[in-house]
Every structure is written in structure tokens, then in C-alpha cells.
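Residue strings, one per chain:
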Amino acid sequence: MTSQAMVAEFDEVAAWTAEAVGDLGDEHAIPAACRGSASPAALAWLAEACELSAGDRLLDVGAGSGGPAAWAAKRFGARPILLEPMPAAGRAASRLFGLPVLTADGQRIPLRTGSIDVAWCLGVLCTVEDKAAVLREIHRVLTPHASLGLLVVVADEPIADPPDGNYFPLQSELVDLLGACGFDLVEQTERPAAVPLSWTRRAQEVTALISARYRTHPAYALARRQDTRLADLFDRGRLSLQLLHAVSL
Ligand SMILES: C[S@@+](CC[C@H](N)C(=O)[O-])C[C@H]1O[C@@H](n2cnc3c(N)ncnc32)[C@H](O)[C@@H]1O
């Protein structure tokens, strides 16, 4: 079930982000709309690992407000299709980047079998209880031997009190899941820590404008609480951000 905290975090903040980018300028759009903690280095790793090429149909499952997919279109000439269940996040992606958005759940992807060249799913699996259902659907829509790029928040041990709506997998569970859903895990690396100042500055300017406008809004407090709980788990070394490249068998 979708919690109020997740609607705040993924839907309301996405709408506020699009509004803030409208005021600050388009150069803020991609950094501010990468909500799954993707960075230029992380996105480049995924794009290279997936051998993303100009014209590839790239399905971004749980695309949020579209930053990673827009980056792939801009830097690699991919043709993204965004899939996102939260309606305001999808509207934010259309408004910011003019990309096609399917408002749907990753467990029921409204696309033909074998119609997609590459799929990304960034910062999503840890918010999904039935991860196998999403991975099987992604496998269905991919062409055989196609690449899947993942960014996953992985837990070192089971986390007793995670932020609302989070179900962090363990490394061993993730590997087993990929195999059970028809994927071969090719390679994996921790997300590179370094993020250029030019990127963080733009993201922070958007965050600051949202805070100035909405800090008294109940959804803002809920989203902040989610962020703080997540940051605390990272600080204590309980979570890590992993990039994975898998291929559909
Ligand atoms: C942390 S955000 C990441 C957004 C985006 N991938 C990015 O990197 O900026 C997680 C996203 O997963 C989406 N999501 C949650 N459950 C989902 C599901 N069952 N199917 C597809 N997307 C889902 C949320 O709505 C949210 O937009």
C-alpha cells in the first residue's frame, strides 16, 4: 500500500520540483529530478555498462520526475519511455523534459513483450515489496539479451525500522532475485561517491526554493522525515548504493 509519506516524498515533492525549476531555469532540471541519488558518474557507469546507443528504446521503470531518463536522452541519444505510478511525478517529468510517460505500476507494464532495448530501474526496488513481480515484468518487455541497469539501496543486515514504504534487499537476496527473474548479473559496483559541485549546487538551489515555499506544508515535513531517516541509516553504514548491470536471458 502506498503510504502518505511516500506520496509526499515521490509525488508532492516532484510537483514542487517542477515548479521550482520553472523559476530557476532549465539547467536545474536534470540534477533536481534525479531523486534516486543518481549522479553523472553513476549514470555514465550505467549507460556504458548497458552499451546504451542513440535511438535505443530505454524504459525507465519508476522514473520519478525523469532526471535520469532525460540525462540518457541528452548524453546518449536514447529514446526514453518513462513509467511512473505517481501521477504528479509523471506530470513533472512531462513538464520538465517533454518525455512520454506511462502512468502505471512496474508490476503491470502496459507495453508489448520484447519491445524494449534497455531498461533502467533506479532507486525503485527498495520501495517495492514484491520485487520479483517488477523484475519479471521488466524481463517480459525487454528483447532477449537486453540490458537492465539498476541502482539499488542495499542493506547490510535486515533493518527493523526502515523509513515508511522501504524494503531494502540484502545483497544475497538481490542476486537470487535477479537469477529467479531471468537475469544474469554481469557486474556491480558501489555508486561513485564524488558528485561535481556544479550538479549538487543546482540540486541544492531547487531544494532551498522548495523549502522556502513549502516548509510549513505537512507533506514537506513527511518527506523531510523520510530523507532524515534514510540519511541516518547511510551514516551508520547500514545501507549502501549499488549499481548493477544485468542481462535478460
Ligand atoms: C527514489 S524514487 C527514484 C525516481 C527515479 N528513478 C530517479 O532515480 O530519480 C523511487 C520511485 O519509484 C517509484 N515506484 C514505487 N513503487 C513503484 C512500482 N511498484 N512500480 C514503479 N515505480 C514505483 C516511486 O513512485 C518513485 O518515483
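Below: a short report on this structure. (Residues numbered from 1 in each chain as written. Predicted model: local features only at pLDDT ≥ 70, side-chain atom pairs only at ≥ 80, totals over all residues. Heavy atoms only, no water.)

Observations concerning the overall build of the chain
Applied cut-off: Think of it this way: any DSSP run of H or I at least four residues long counts as a helix, any run of E at least two long counts as a strand, and we number them from the N terminus. Our radius of gyration looks at C-alpha atoms and nothing else; its globule reference is 2.2 Å times the residue count to the power 0.38. Any pair of residues with heavy atoms lying within 4.5 Å of one another is described as a contacting pair. Each accessible area value is a Shrake-Rupley result obtained with a 1.4 Å probe; residue values ignore everything except the protein chains displayed when judging cover. Under the convention used here, Asp and Glu are negative, Lys and Arg are positive, and both His and the chain ends fall outside the count. Note that the charge is assigned to NZ on lysines, CZ on arginines, CG on aspartates and CD on glutamates.
Check the secondary structure of the chain and you find nine helices and seven strands. For a compact globule of 249 residues, the expected C-alpha radius of gyration is about 18 Å, and the chain comes in at 17 Å, within 12% of that figure. Here the C-alpha coordinates of the chain stretch approximately 50 × 40 × 35 Å along the principal axes. Look at the contacts in the chain between residues 6 or more apart in sequence, and 78% of them connect residues 24 or more apart. As displayed, the chain offers around 11,100 Å² of accessible surface, 51% of which is attributable to carbon and sulfur atoms. Measuring between centres, the 22 positive side-chain charges of the chain sit 5 Å from its 30 negative side-chain charges.

A closer look at the sheet that holds strand β4 (residues 116-122)
Stated formally: Only strands joined by at least two bridges in the DSSP assignment are considered to pair. For helices, the axis comes from a line fit to the C-alpha atoms of the stretch in contact; other axes are also lines fit to C-alpha atoms, and the angle between any two N-to-C directions lies between 0 and 180 degrees.
The strand order across the open sheet formed by seven strands is β3-β2-β1-β4-β5-β7-β6, and the pairing between neighbours is mixed. Sheet topology places β3 (101-102) and β6 (183-190) at the edges, where each strand pairs with a single neighbour. Of the strands in this sheet, β1 (57-61), β4, β5 (142-155), β6 and β7 (239-248) are in contact with helix α6 (residues 131-141), which crosses β5 at around 155°. Packing of helix α9 (residues 218-235) onto the sheet brings it into contact with β5 and β7, and relative to β7 it is tilted by some 90°.

Let's talk about the layout of surface pockets
To be explicit about the condition: Here a cavity denotes grid points, spaced 1 Å and computed from the protein atoms alone, that fit a 1.4 Å probe unable to get out, and a pocket denotes an open set having protein on both sides within 12 Å along at least 5 of 7 lines; residues with an atom within 4 Å of a point are the lining. Grid points are joined across faces, edges and corners, and a volume is the space filled by probe spheres set on the points. Think of it as three bins: nonpolar holds Ala, Val, Leu, Ile, Met, Phe, Trp, Tyr, Cys and Pro, charged holds Asp, Glu, Lys and Arg, and polar takes everything else, Gly as well.
Its boundaries defined by the atoms lining it, the second largest pocket holds a volume of some 230 Å³. Among the secondary structure elements, those contributing two or more residues to the lining of the second largest pocket are α2 (29-32), α4 (67-76), α5 (87-97) and α8 (197-214). Ranked by residues supplied to the lining of the second largest pocket, first place goes to α4 with four residues. A breakdown of the residues in the lining of the second largest pocket according to their chemical character gives 10 nonpolar, no polar and five charged.

As for the state of the cysteines
The condition that has to hold: Cysteine sulfur atoms that pair up within 2.5 Å are treated as a disulfide. Each residue gets one of three labels from its accessible area relative to the maximum for its type: buried under 20%, exposed over 50%, partly exposed in between, using a 1.4 Å probe on protein chains only.
Scanning the model with the defined rule gives zero disulfides in all. Cys34 forms no disulfide, and the closest cysteine sulfur to it belongs to Cys121, at a distance of 14 Å. For Cys34, a relative accessible area of 10% gives the class buried. No disulfide involves Cys121; its nearest neighbouring cysteine sulfur is the one of Cys126, lying 9.1 Å away. Judged by relative accessible area, which is 1%, Cys121 ranks as buried.

So, the site of the ligand
Definition in use: Near, as used in this document, describes a residue that has one of its heavy atoms within 4 Å of the molecule or strand being considered. Residues adjacent in sequence count toward polar contacts only when both atoms are side-chain atoms; beyond that, a polar contact is any pair of N or O atoms within 3.5 Å, and within protein one must be able to donate a hydrogen and the other to accept it.
Taken together, 19 residues surround the ligand, and among them Arg35, Gly62, Glu84, Gly106 and Leu122 come closest. Note that an oxygen atom of the ligand is positioned 2.6 Å from one of the side-chain N or O atoms of Glu84. Gly106 is positioned such that a nitrogen or oxygen atom in its backbone is 2.8 Å from a nitrogen atom of the ligand. Alone, the ligand offers 600 Å² of accessible surface; in the complex the protein occludes 94% of this. Taken together, the residues of the shell around the ligand sort by class into 10 nonpolar, six polar and three charged.

Quick word on α5
What α5 keeps buried is the set Ala88, Ala89, Gly90, Ala92, Ala93 and Leu96. Within two residues after α5, Gly98 carries a phi angle of roughly 60°, on the positive side.

Topic: the environment of Leu59
Within the secondary structure, Leu59 sits in strand β1. Taking the C-alpha atoms as reference, Leu59 lies 9.5 Å from Leu148; in sequence the two are 89 residues apart. If we ignore the near neighbours within four places in the chain, the residues touching Leu59 are Ile81, Leu83, Ile109, Leu111, Ile116, Val118, Ala119, Trp120 and Val141.

Here's the deal with the side chain of Asn166
With respect to the helices and strands, Asn166 occurs in the loop between β5 and α7 (171-180). When residues no more than four places from it in sequence are discounted, the contact partners of Asn166 are Cys126, Thr127 and Gln226.

A look at the pattern of salt bridges
Filter applied, for reference: Put simply, a salt bridge is a Lys or Arg side-chain nitrogen that is within 4 Å of an Asp or Glu carboxyl oxygen.
All chains considered together, the criterion is met by nine salt bridges. Here Asp161 makes a salt bridge to Arg229, at a shortest N to O gap of 3.2 Å. Of the two residues, Asp161 is situated in the loop between β5 and α7 and Arg229 in helix α9; the sequence distance between them amounts to 68 residues. Taking relative accessible area as the criterion, Arg229 reaches 18% and is therefore assigned buried. Across the salt bridge formed by Glu205 and Arg201, the nearest N and O atoms sit 3.5 Å from each other. Separated by four residues within a single helix, Glu205 and Arg201 lie in helix α8, roughly one turn from each other. Overlapping salt bridges bring together Glu19, Asp23 and Arg213 as one network.

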